[in-house]
Amino acid sequence: MRTLATKSLAIGAALAAALAIPAVRAAETTVSLCDGESVMSIPGLKPGQVLPPDEARRVAVDMMQLWRKSQGETRWAAWTKEAEAARPEPAAAEEKQPTKFTARDQMLWKLEEKKWVEDGYKAFHNSKALGGTIGISCDMCHPDATNTHPETYPKFQTQLKKVALLRDQINWCIENPLKGKPLPDGDPALRAVEAYILSARKGVALEPGKH
Amino acid sequence: MKDRYDKYLEDREKYFDRVVRLGRRDFVKAAGAAAAAAIASSRLLPHSFQPVDVVNAAAPERSFRFAYVSDSHLYERTLNERFVRAILKAVDDVNALTPPPDFVLYGGDLAQLGQPAELGEGAEILKALKPKVRMMVGEHDWYLDMGEQWRTLFGKDVYSFDHKGVHFVVLNSVIVEDYWTGPKLTPMERMQAMAQLDNPNGRPFTVGDAQRDWLASDLAKVKPETPVIVFSHSPLYKIYKAWNFWTDDAEQVQKILSPFKTMTVIHGHTHQMLSNRIGNIHFHGMLSTAWPWPYAPQGLPKLTVRMNRSDPFDELDGCGDGTVDVFGNGRVDKQYNSWSRNPVRVSAAYLESDGATDPPARESDVNY
């Protein structure tokens, strides 16, 4: 059986008041509320013991009731009304299929993609990250990835004498202006640079084959 | 001893020198007189010379010519030979000009990361230029040691001089506010931050209060009808802030320049053909010897005829040097000597007429 109290309600109240601490009964745990005044004891809960979840939830409800009582029903009603008014109107119910993907999923996807693009940005702006040997980095000719036109690949690259993908042209740049060695298709740095270039051209219409 | 042909060339030079100063009516007289003289000396001028210069008869006389080399971004030769090869090519170009230019302007960004070895190497290479060299500083030369080494090698970064009736001013337009002391950047970190064109944390270039005061007092000694040519590393107008194709106090600088009837600003930094006119001020960009920049996504002046997008498979394409012809009236024609391509001339008449006459050839292979 729990005991509810708005003021310290326990043995040695005078002593407790003198010490400005809530009185505590032996073998009981006392919790105080956020108003800094109300105290509630949980009989039978020894220091160090943990309440089972259901019991803990009931304690929380009791604490709320105690606080509500201490504030008075009029104020409580006013707050409730205020909170109701502040709650946004639910959007006109458009029938949508349920999805198993949550907002949290979407946030994770964004973060992962951002990380990849950022890795690409770093490699693009670093003369060594892609194996370059003469101090030249991609951004020196392509600030903000301009003049990379990834939307035009695949296309027949006259100078390469073959149809090229963006990554073939990146590799050509690594080999020639940067004086490095071409990277294998699956190389993380190559993939990251490709991701950065593509993300910099977000929204541009695809025009494969354009020269 | 001069042979007959030398004499003929000399006469021809004199003849055309006179012709370009003449109006159309006088030209007819001069041509008649020249023909008569030729007949008298039994040497007829080849017929083909005459029509060529009828076109030029109304053009003002060229007073002198200077050349420019700019934005070489040198690393040490042991690290990167390509940029060294490129500036050497520019030196050869300038030394081969006939007649030789009166002087050469170096447009800034001689070094890539302001290293003493890079600047020293550049200084050595520029010694091979036969004409006198006038130096200007760029941000790549400046931000490792705030210009200390550059000034040791080349002297003042801000100065003026007079040449054949034209007043020349060289500015240091790459001053930015201190954003390195707070976050405790090392000199090298500061240099690298400044060297990144698309650095989102960069600061805009300025000429700054002190230098604007100096400019105003320098120009106070110059008559408003005297032609003035100003060299700045960044364009003294605003194209695109994110790449510092921009000078933040450009309007204030333009205000100091605007009382002069014949004012030209020639700038580096942008590595591309750029033409603009604001009031009576004509603006021209310079090519880089090292690499061409793409055009900025916004802010391009309407008088700019863009150069074709460069071929990445040709390391010289889109790079180059150039010359500036200064006429008797102080106006200039700007020649872009674009390697691997035909040269392009942006004439004073083109800018003067707001693009109505003498437009340079349009590009056929646009950027995207």
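Along each chain, numbering runs from 1 in the same order as the chain's sequence is written. Naming scheme: in the order in which they are written, chains are lettered from A and ligands are numbered from 1. Per-residue local features are limited, in this predicted model, to residues with pLDDT of at least 70; the limit for side-chain atom pairs, both in listing and counting, is 80 or more; totals at the level of whole chains, interfaces and linings are taken over all residues.

Student: Would you explain the overall build of chain A in this entry?
Tutor: Elements are defined by DSSP. Helices are runs of H or I of four residues or more, strands are runs of E of two residues or more, and each kind is numbered from the N terminus. Helix and strand counts for chain A come out as 6 helices and 4 strands. Of the regular secondary structure in chain A, the N- to C-terminal order runs α-β-β-α-α-α-β-β-α-α. Any pair of residues counts as being in contact when their C-beta atoms, constructed from backbone geometry, are within 7 Å of one another. Pairs at least 24 residues apart make up 52% of the contacts formed inside chain A by residues separated by at least 6 positions.

Student: Would you explain the nonpolar core in this entry?
Tutor: Generally speaking, a soluble globular protein has its nonpolar side chains buried in company with each other. Formed by 101 residues in total, the largest nonpolar core has its most connected members in Val193(A), Ile87(B), Val104(B), Tyr106(B), Val169(B), Val230(B) and Phe231(B). Residue contributions to this core peak at 7 residues, all from helix H4 (residues 82-95) of chain B. Setting aside its immediate chain neighbours within four residues, Val169(B) contacts Ser160(B), Leu215(B), Asp218(B), Val228(B), Val230(B) and Phe231(B). By our criterion, buried Ala, Val, Leu, Ile, Met, Phe, Trp, Tyr and Cys residues that link up through C-beta atoms within 7 Å make up a nonpolar core. Buried, partly exposed and exposed are defined by the number of other C-beta atoms within 10 Å of a residue's own C-beta, namely 20 or more, between the two limits, and 12 or fewer respectively, with C-beta atoms placed from the backbone.

Student: Please clarify how the sheet that holds strand E4 (residues 159-163) of chain B should be interpreted in this entry.
Tutor: Pairing between the strands of a sheet is mediated by backbone hydrogen bonds and can be parallel or antiparallel. Residue and element names in this part refer to chain B. Here 6 strands make up an open sheet; going across it, the order is E4-E5-E6-E7-E9-E8 and the pairing mixed. Each end of this open sheet is capped by a strand with a single partner; those strands are E4 and strand E8 (275-278). Taken pair by pair, the neighbouring strands of this sheet meet at an average axis angle of 20°, ignoring direction. Two strands pair if DSSP finds at least two bridges between them. Where strand E6 (residues 228-232) lies against strand E7 (residues 263-267), 5 bridges are found, and the strand directions are parallel. Paired with Ser232 across the two strands is His267, which belongs to E7. Axis lines are fitted to C-alpha atoms, over the contacting stretch for helices. Their N-to-C directions set the angle, which ranges from 0 to 180 degrees.

Student: Help me understand the sheet that holds strand E1 (residues 62-69) of chain B, please; the structure alone is not making it clear to me.
Tutor: Residue and element names in this part refer to chain B. Read across the open sheet, the 6 strands follow the order E3-E2-E1-E10-E11-E12; overall the sheet is mixed. Edge strands, defined here as strands with exactly one partner in the open sheet, are strand E3 (132-135) and strand E12 (344-346). Strand-to-strand, the axes of this sheet are offset by a mean angle of 25°, without reference to chain direction. Note: E1 against strand E10 (residues 320-327), 6 bridges, orientation antiparallel. Counterpart to Phe66 in the pairing with E10 is Val324.

Student: Explain the packing of helix H4 (residues 103-124) of chain A against helix H6 (residues 188-200) of chain A here, please?
Tutor: Any two packed helices are characterised by the angle at which their axes cross and by the distance between the axes. Residues and elements named next belong to chain A. Between H4 and H6, the shortest axis-to-axis distance is 7 Å and the interhelical angle comes to 100°. Judged by the inter-axis angle, H4 sits roughly perpendicular to H6. When H4 is examined against H6, the residues Trp116, Val117, Asp119, Gly120, Tyr121, Ala123 and Phe124 are found in contact with a partner set consisting of Ala189, Ala192, Val193, Ala195, Tyr196 and Ser199. Ten residues, namely Ala, Val, Leu, Ile, Met, Phe, Trp, Tyr, Cys and Pro, are considered nonpolar, four, namely Asp, Glu, Lys and Arg, are considered charged, and the remaining ones, Gly among them, are considered polar. When the residues that make up the contact of H4 with H6 are grouped by side-chain class, the tally is 10 nonpolar, 2 polar and 1 charged. When describing relative orientation, an angle under 35 degrees is termed roughly parallel and one over 145 degrees roughly antiparallel, while 65 to 115 degrees is termed roughly perpendicular and anything else oblique.

Student: Please clarify how the packing of helix H9 (residues 209-220) of chain B against helix H10 (residues 250-257) of chain B should be interpreted in this entry.
Tutor: Residue and element names in this part refer to chain B. Packing of H9 against H10 leaves a shortest axis separation of 10 Å and a crossing angle of 10°. One finds that H9 runs roughly parallel with respect to H10. Residues Arg212, Leu215, Ala216 and Leu219 of H9 touch H10, and the partners they reach there are Gln252, Val253 and Ile256. Among the residues forming the contact of H9 with H10, the class breakdown is 5 nonpolar, 1 polar and 1 charged.

Student: Which parts of the structure should I look at to understand unusual backbone geometry?
Tutor: Most peptide bonds adopt trans geometry, and most residues besides glycine take a negative phi value. Note that the residue after Tyr153(A), namely Pro154(A), is joined by a cis bond; omega there is 0°. Considering the arrangement of structural elements, one finds Pro154(A) in the loop between H4 and strand E3 (155-157). With omega at -10°, the peptide bond leading from Thr98(B) into Pro99(B) counts as cis. Here Pro99(B) lies in the loop between H4 and strand E2 (103-106). Despite not being glycine, Lys161(A) has its phi angle at roughly 60°, a positive value. Inspection of the secondary structure puts Lys161(A) in the loop between E3 and strand E4 (162-164). Of note in this structure, Lys179(A) is not a glycine but carries a positive phi near 55°. Positionally, Lys179(A) belongs in the loop between helix H5 (166-175) and H6. You can call Lys179(A) partly exposed: it has 18 C-beta atoms within 10 Å.

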